[in-house]
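Tertiary structure, described
If you want the building blocks of each chain, they are given just below.
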Amino acid sequence: MNLADLNKVAVAMTAPGKGILAADESTGTIKKRFDAIATENTEDNRRDYREMMFRTAEAMKNHISGVILYDETIWQKAKDGTPLVDIIKAAGSIPGIKVDEGVKPLPNCPGEVVTVGLDKLADRLTKYYDAGARFAKWRAVIDIGQGMPTFSCIHANAHALARYAALCQAANIVPIVEPEVLMDGAHDIDRCVDVTVRVLKETFQELYYNRVALEGIVLKPNMAISGKKCAKQASVEEVAEKTVKMLKECVPAAVPGIAFLSGGQSDEAATAHLDAMNRIGNLPWALTFSYGRALQAAPQKAWSGRSENVAAAQRAFMHRAKMNSLAALGQWKADMEKKAA
Ligand code: 13P
């Protein structure tokens, strides 16, 4: 492990005004997105769609520090034969790779899951490094419900995250540590905070036990937010205040940067929340985005699987990237959304 190099990459991933594009949907997940725009889920369509984003040069250069790729994409070539990884690098952005292999039911914990993929991970990381990846992602999924999450679920997932992170650093790859507490339930924001604090405390404990250097990771957490089905939705200010307070309680200042997942928030809510947090200011770490849906929903719709829509889709991608970039600086304003191209 070269900690200076890892730290340099982690700092670049969360550089001022820049954030991460999570384009690592598995083939099954991207099918759901393509179904919504009546587009066939073929290898070529997946390539064309992602190439459209990676070739949005201004967005990539100015707003996107790194891109999380799925295994298929890291080996894929653009229509003109250029490897997609080279297009990302040419724009000054860093290629990254999702390395977890999804979730499996956790025995003895009905309704709960654990993320898998540690077997042979060391070998896979070497291949990904050679292919240009300088960071990786592993997502743990924690659901809130009656009697959930159990400590068993939190512990198993935190342990796997830490094992993954240690293996990444040994391969000179920065681990994005993503313990996601889902926002799908009917719980209120305070329950989300309570569960997320437990999850983050356990995660950092396991990172410590596994000797992970915090200077060489990026944390990708959920925000403190009301469950989607909760009747009382917290305001933007409450989300920002409670998220910052929660993170200050749990995340050591040695961590260079925190990049949130969007988790099913609307595009504008994800931007407004990030902006409000950065306006609070005086934070020990950079706070930015690592959005999947909140960066891609608009360009996906504009593209709708048609080559004649590429320019419109790139404008939509540019707009969301720019809005989130401003939010990462605490300089976004709601009326900027209306001026969209
Ligand atoms: P969302 O922003 O759509 O939650 O996706 C981010 C991600 O990488 C989830 O693992």
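Residues numbered from 1 in each chain as written. Predicted model: local features only at pLDDT ≥ 70, side-chain atom pairs only at ≥ 80, totals over all residues. Heavy atoms only, no water.

Overview of the sheet that holds strand β7 (residues 174-181)
- Ordered by their spatial adjacency, eight strands build a closed barrel running β1-β2-β3-β6-β7-β8-β9-β10, and the pairing between neighbours is parallel.
- As defined by bridge partners, strand β9 (residues 257-260) adjoins strand β10 (residues 286-291) across four bridges and the pair is classed as parallel. What sits directly across from A259, in β10, is T288.
- Relative to the sheet, helix α8 (residues 151-170) contacts β6 (135-142) and β7, its axis offset from that of β6 by approximately 175°. (Pairing = 2+ DSSP bridges. Helix = DSSP H or I, 4+ residues; strand = E, 2+ residues; numbered from the N terminus. Contact = heavy atoms within 4.5 Å. Axes fitted to C-alpha atoms, helices over the stretch in contact; angles between N-to-C directions.)

Concerning the site of the ligand
- Around the ligand, a shell composed of 13 residues is seen, among which K137, K220, S262, G263 and R293 lie nearest.
- Within the backbone of G263, an N or O atom sits 2.7 Å from an oxygen atom of the ligand.
- At a separation of 2.7 Å, an oxygen atom of the ligand approaches a polar side-chain atom of R293.
- Notes on the ligand: free accessible area 300 Å², of which the protein chains cover 92%.
- The set of elements that each furnish at least two residues to the shell around the ligand consists of β6 and β10.
- Looking at side-chain class alone, the shell around the ligand contains three nonpolar, four polar and six charged residues. (Near = heavy atom within 4 Å. Polar contact = N/O pair within 3.5 Å; in protein donor to acceptor, adjacent residues only side chain to side chain. Areas by Shrake-Rupley, 256 points an atom, 1.4 Å probe, with all protein chains shown as cover. Nonpolar A, V, L, I, M, F, W, Y, C, P; charged D, E, K, R; others polar.)

Quick word on the nonpolar core
- Among the nonpolar cores identified, the biggest contains 98 residues, and F54 and Y164 are the most heavily contacted of them.
- Looking at this core element by element, the count peaks at seven residues for helix α13 (residues 310-328).
- Discounting chain neighbours no more than four positions away, the residues touching Y164 are V99, L118, L121, A136, K137, W138, P175 and I176. (Core = buried A, V, L, I, M, F, W, Y, C linked by side-chain atoms within 4.5 Å. Buried < 20%, exposed > 50% of the residue type's maximum accessible area, 1.4 Å probe, protein only.)

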